[in-house]
Structures are given as C-alpha cells and as structure tokens.
Amino acid sequence: MTPAALEKPLTGRMRADGSPVLLRAYEAAGGYQGLRKALGLSPKDIQGEIHRAKLRGRGGGGFDTGVKMGLMPPPADLPGERYVVANADEMEPGTMKDRWLMEGDPHQLIEGLLIAALAVEAQTAFLFIRGEYGEPMARLQQALGEAAAAGYVGANVLGSGRRVEVYVHPSAGRYICGEETGLLGALEGRRAVPRAKPPFPVVSGLWGRPTLIDNVETLCNLPHILARGAAWYLGLSLGPDGGTKLFGVSGRVKRPGLWELPMGTPLREILFDHAGGMADGLNFRALLPGGASTNFLLDAHLDVAMDFASVEKAGSRLGTGTMIVLDDRTCPVGMLLSMERFFARESCGWCTPCREGLPWVANTLEAIEDGRGEEGDLQVLADHVRLIKMSATFCALAPGAMEPLRGAMQYFRDDFERHVREKRCPWK
Amino acid sequence: MLTDHDKQEIQAELARTPSRRGALIEALRVVQRRAGWVSNADVVEVAAFLGLPVSQAEDVATFYSMIFRQEVGRHVILLCDSVSCWVNRADALLTHLRSRLGIRLGQTTADGRFTLLPAACLGACDRGPVMKVDEDLHTHLTAEKIDRILESYP
C-alpha cells in the first residue's frame, strides 16, 4: 500500500469512478487479512486488540466498541444463540458517510461484521440497511455472494470450523429503526419502538438473546485494527480516540463532500481546506458538527479538534461527523423548522414528551416563521428544551431534537425575536 | 389473494427467523412488490398465512413508511425534505413539483403516473437537493432538471 492509502484505511482502496471494489481487488489490496488474523486469535484476544485501539462508535453515540463487546456475557455463562447486527440504517439528516462506505467498498463492511461475530462468538449476523438505499444494498448483496462462494461466509469460515451466516435485511422505513433497540423491534417483526435500557442489547437483544449492534463505519475499522494492530491504529489519530474519521460537509459551501481524515482534525481545516469555505457571496454563520441531533457551533469554535471530547467541550457533540452549514442568507428559524418537522414526523409515538412535545415545537416554529408568532412562543420553545431530556424519554430522539434548538435559542435569539416583532420572515 | 409465488417468498423469510412474527414485515413487502401496495384484505391474509393475530399485522402495516396502504402511481417520487436539502432550497422544488404534477404530498396524479411523497434524508447531502424516483437517485436538482427527469418515467 502507498503511504496515502495508509492514512486512509477505510477509503484508500476505493475507485475513482465510484464503482465498488470487488473481491479480487479487495483481496489484492490486503482485504480479508484482518479476518484471517482474527481466526487465529481467541475471542478475548480479538476484543483486547479492539479495546486497545480505542475505537469509539461512529454512529453518533461514541461508545467504546471494545468495552461494548466485553459487556456481552460469554457463552460459558449464557449458552445459546447470540447475534451481531450492522446498523446500516443511515438516516440522520445531513449524514451520507455509510452510503459511501457500502457503495465503494462493500467487502470491508462484510469483513468487519465477520470479525465482530468472531469477537463475541456469534454465528448469525444481520446487516440491517435502509430500505431506500437500493444501490448500497445491491452492492452488498453482490459482495456477500462473492464472499460466500470464496468461503469467507457460511458454515465453515475459511475451513476454520467456525460458522457465521450473514443476512441482509432491508428496513421498511422510519428514522427510529436506527435507534438500536428500535432496530431490534423491526428485525423481530414488531413496531420499531425503543426499549428501556437496561437491559442493554449486549445482554438481552434480538429475541432476548445477547446482541452486539454496531454502526457501519465502526465495523469497517475492525479489519484494519486486526490486520495492522492497535498501536498503528492509535497513531492514525491526532487525539485520544483511535483511527481516522469520515467527515462530511453539506450546505452552501464551495465543495460539499466527504473526506477520511485523522480523528481530531481541526474543524477549520475540514470546512475551509477540504470543503473550500463558503460559496461565493455567502458568509459563514454556524454549523451542526454531526447531523441534526447536534448543537450549533459558531465562528468562535472553528479551531475545535473534531474528536468526541473536544466537540463536547465546545458545547456540542461529534455525532456522525457530517456537518451541515448555515450561511448568512438562510433563515435560522426556517432551518430549525425543517429539522423539528423531521423529528416530529419520525417520532415513534411511544412516549409522551416526544409524541406531544415535538409537534408542539414544530408548530410553534412554523407560526414564528410564517409571521404568526406571539410573545410567549419563545418561552414555549425554551420550556421544551428544558423539559425534554434523556431521563424523560425512552430514547435519544427527542433529546437529540432539542440540541440544535437549544443552541439556536441562544445564538440566534435576535432572529427569533425579529420574526415575532415584524410578523414575517426577514429572509423572504 | 396471496399467490403461490408470494407464499414461496414468505416461506423463505420464515426460514431465516426463529419466530413467525419475524417474517411479518417482509411478508407485507412481498405483497407490495407484486401489487404495489398493501390492502386491508392483504393484511388479514398475511396474518392468516403466518398464523398470527390480524392486530399484529395491522400494527406494523400502519407503522412503517415504506409499506403503502393506498394505491400508488406507476412511479413513486421521494423528495428529500431534510435539512441539508432544505438549505439548498428544496422547498422551492417541492412547490415546483406540486404545481407541475397538480397534486399535493401524499397524492397520485389523475393518470396514475406519479405519486409524490416526502422522504427523510437520502444520504446524498453533498449532492443536494435530491430525490428518488422508484429505485433511481437523482442529485443536484433544479426545476428544469426535474422536468427532464419526469419525462423519462412514462
């Protein structure tokens, strides 16, 4: 591999024309070496390597992957079926990274899923993918067919006597299926209504059995950690968490896109060097660093390192690492309205703060944006930000929905007040 | 009526899951792939075939956005209305599509050609605004481009 490819383990193999890396090319570029390595190790040693790599979950939660694996009771303590699930239900607004990984290098995800299965001694793996992701799904099915024919997947993985079956399961739609316990409901043929935790899925998940659920990007790191070791992996990062990260920029910038960069890359570098800064005639106002469930960051925050701890210190969350930029010609109230309508629509309806609170927030924002806002409306919004929090709901959907609103109320207060005072949207 | 082919596909799903309920959502989608949508009669029949209460089938049939409970047109348009596309002025494209097709979100054109639905983020935010027509993803949309795209779906 070239040095450039070394720095981009997740995307270095990908083809410039966007066509998928198929089996022969994948193997020629070092593919399935991580799996071969894992087959020679005990589950405990595989977990140890992943633990030392400090791989934090890339789906938005940021939980340590090695720690999560270690929380699953070993078969000696809890015999019977156990599962691994790839969460490929990418639907966080502004997030396009897992599509890239699945379309460009589908074998990498399959190899990661196989390694995860070996690490927790599971024999069945599900790849739960968004129903709308037709192209990624077709490419994964093709890769899975190749992998099965070559003996990587199935009853006897590479002659090792280990069995790992992989099933691609398309979602029937809705954002809440990406919440890990909602996802379990969908796989079981129920509504995707999140479950109270504990018990966590690693203890009681699919059909009550221990289940490890990891995001696509997280799993794609496993082949590289196994093949090249935790020390190498830690060295890829500029900060305390291991590895590279897929960062994305959308909104009205010069070059919207996706890049694989060291974890901890400064926000300013991503926005200006990679995305080229704002499009002509526009000025930067704010951005959401990791999807619609993260709080705004401003000009003053642009030197923040894009890793979990640093972004949290700046008052937001790394989330999915795919940022959405607000320019000075776009109405912040309208932007919030778009996001809160999404969250209100996608609520599963199970718990009251979310089912009742989010439509209230969306309707209030709509009134303000349409010039029907009243004096007390800002207080209504502030009350929801205060009351809808993690301890009040079954899952993170509604608390996540309050994140950008919290920042907007603070940073764009003048804009909200002007809408109410002038009885119109000043941007229209 | 479930066809023999439907039943075979549902049986294949049953083989992959430890509970009959585990095949329920896929069974409804088997029907939809053939018929285009899932009627009340289909819900009852799928439940009966799987040996499950109708309430369980109805429960999921009314929950998932990709299970259609009304007849849809020959082509289904999913226009992304999430935040990245919104910043790129997707709301103007919705206005354009509505007037061009003469329908609102959730409706089907009188000739049965198009159904227009909103979609959550389609994961192509760097290429927005975007929409899907059937299985095809269309990016960098403008009103003119949408007009050309619609022509290619008879």
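The residue numbering used here restarts from 1 in each chain and proceeds along that chain's sequence as written. To read the labels, note that chains go from A and ligands from 1, taken in the order they are written. For a predicted model such as this one, the threshold for reporting local features is a pLDDT of at least 70, and the threshold for listing and counting side-chain atom pairs is 80 or more; totals across whole chains, interfaces and linings nevertheless cover every residue. Side-chain calculation: all heavy atoms of the structure are included, whereas hydrogens and water are not.

The next subject is the overall build of chain A. In this description a helix means any DSSP run of H or I spanning at least four residues, a strand means any run of E spanning at least two, and both kinds are numbered starting from the N terminus. Scanning chain A from N- to C-terminus turns up 18 helices and eight strands. Relative to the 2.2 N^0.38 estimate, which gives 22 Å for 428 residues, the radius of gyration of chain A is 22 Å and therefore close to what a compact globule would have. With the C-alpha coordinates aligned to their principal axes, the bounding extent of chain A is approximately 75 × 45 × 35 Å. A burial count over chain A gives 62% of its 428 residues as buried. Contacts: residue pairs with any heavy atoms within 4.5 Å of one another. Put simply, 70% of the contacts in chain A that link residues at least 6 apart link residues at least 24 apart. Carbon and sulfur atoms form 52% of the exposed surface of chain A, whose accessible area is close to 15400 Å². Charged residues are defined narrowly, with Lys and Arg counted positive, Asp and Glu counted negative, and His plus the chain ends left uncounted. We put the charge of a Lys on NZ, of an Arg on CZ, of an Asp on CG and of a Glu on CD. Each charge sign in chain A was given a centre, from 48 positive and 51 negative side chains, and these centres are 1 Å apart. Based on C-alpha atoms, the radius of gyration is set beside the globule rule, defined as 2.2 Å times the residue count to the power 0.38. Categorising residues by exposure relies on relative accessible area from a 1.4 Å probe, with only protein chains included: less than 20% of the type maximum marks a residue as buried, more than 50% marks it as exposed, and the intermediate range marks it as partly exposed. Here the Shrake-Rupley method, with its probe set to 1.4 Å, supplies the accessible areas, and only the displayed protein chains count as covering residues.

Another point: the overall build of chain B. Scanning chain B from N- to C-terminus turns up seven helices and four strands. Listing every helix and strand of chain B by position from the N terminus yields α-α-α-α-β-α-α-β-β-β-α. Buried positions account for 52% of the 154 residues belonging to chain B. Expressed as a percentage of contacts within chain B between residues at least 6 apart in sequence, the contacts between residues at least 24 apart total 60%. Within the structure as shown, chain B displays about 6900 Å² of accessible surface, and the carbon and sulfur contribution to it stands at 52%. Each charge sign in chain B was given a centre, from 18 positive and 20 negative side chains, and these centres are 2 Å apart.

Moving on: the domain arrangement of chain B. These domain limits were set by an automatic method or by a database of domain assignments. Taken domain by domain, chain B consists of domain 1 (4-63) and domain 2 (75-151). The distance between the C-alpha centroids of domain 1 of chain B and domain 2 of chain B comes to 30 Å.

This part takes up the side chain of T109(B). Residues and elements named next belong to chain B. With respect to the helices and strands, the residue T109 is situated in the loop between α6 (90-101) and β2 (114-119). For T109, a relative accessible area of 10% puts it in the buried group. Look past the residues within four positions of T109 in its chain and what remains in contact with it is L101, I103 and F114.

This part covers the interface of chain A and chain B. On the side of chain B, 40 residues touch chain A, which itself brings 53 residues to the contact. Buried surface at the junction of chain A and chain B, both sides included, amounts to about 3700 Å², of which 56% is carbon and sulfur. Buried area: the accessible area, evaluated with a 1.4 Å probe, that two parts lose upon being put together, summed over both parts. Broken down residue by residue, the surface that chain A buries against chain B is led by E132(A), A172(A) and R191(A), which jointly contribute 18%. Criterion for a salt bridge: a side-chain nitrogen of Lys or Arg within 4 Å of a carboxyl oxygen of Asp or Glu. Here chain A is connected to chain B by two salt bridges. For R345(A), the salt bridge is made with D81(B), and the minimal N-O distance between the two is 2.8 Å.

On to the packing of helix α2 (residues 24-35) of chain B against helix α3 (residues 40-50) of chain B. What describes two packed helices is the angle between their axes and the distance between those same axes. Residue and element names in this part refer to chain B. Packing of α2 against α3 leaves a shortest axis separation of 10 Å and a crossing angle of 130°. Relative to α3, α2 is oriented oblique. Between α2 and α3 the crossing geometry is right-handed. Residues L24, A27, L28 and V31 of α2 form the contact with α3, whose participating residues are D42, V43, V46 and L50. Amino acids outside the nonpolar list (Ala, Val, Leu, Ile, Met, Phe, Trp, Tyr, Cys, Pro) and the charged list (Asp, Glu, Lys, Arg) are all regarded as polar, and Gly is one of them. Looking at the contact of α2 with α3, its residues break down into seven nonpolar, no polar and one charged. The angle between two axes is taken between their N-to-C directions and runs from 0 to 180 degrees, where each axis is a line fitted to C-alpha atoms and a helix contributes only its stretch in contact. Roughly parallel here means an angle under 35 degrees, roughly antiparallel means over 145, roughly perpendicular means 65 to 115, and every remaining angle is called oblique. Crossing chirality is assigned from the near helix's rotation relative to the far helix, an anticlockwise turn below a right angle marking it left-handed and a clockwise turn marking it right-handed.

What follows deals with helix α8 (residues 134-149) of chain A. Residue and element names in this part refer to chain A. Helices are assigned an expected span. That span is 1.5 Å times one less than the residue count. Taking 1.5 Å per residue as the helical rise, α8 with its 16 residues ought to reach 22 Å, and the 23 Å between its terminal C-alpha atoms agrees with that figure. Turning to α8, its buried residues number three or more, namely P136, M137, R139, L140, A143, L144 and A147. Projected onto a plane normal to the axis of α8, the buried residues spread over an arc of 165° and lie on a single side. Buried positions along α8 lie against α6 (97-104), α7 (106-119), β2 (124-129) and β3 (165-170). Of the residues trailing α8, G151 is marked for its positive phi of about 85°. Here, the arc refers to the directions that run from the helix axis to the C-beta atoms.

The subject of this paragraph is the packing of helix α15 (residues 352-369) of chain A against helix α18 (residues 413-422) of chain A. Residue and element names in this part refer to chain A. Across the interface, α15 lies against α18 with an axial gap of 8 Å and an inter-helix angle of 65°. Note on element contacts: α18 touches α15 through F416, H419 and V420, opposite L365, I368 and E369. When its residues are assigned to classes, the contact of α15 with α18 shows four nonpolar, one polar and one charged.

The next subject is the side chain of K132(B). Its location among the elements puts K132(B) in strand β3 (residues 131-133). A residue is classified by how much of its surface remains accessible, and K132(B), at 4% relative accessible area, is buried. Under the rule applied, a polar contact is a pair of N or O atoms within 3.5 Å (in protein, one hydrogen donor and one hydrogen acceptor; residues adjacent in sequence only if both atoms are side-chain atoms). At a separation of 2.7 Å, a polar atom in the side chain of K132(B) contacts the main-chain carbonyl oxygen of E132(A). Apart from the residues within four sequence positions on either side, K132(B) is in contact with E132(A), G134(A), V76(B), I77(B), L78(B), L122(B) and L137(B).

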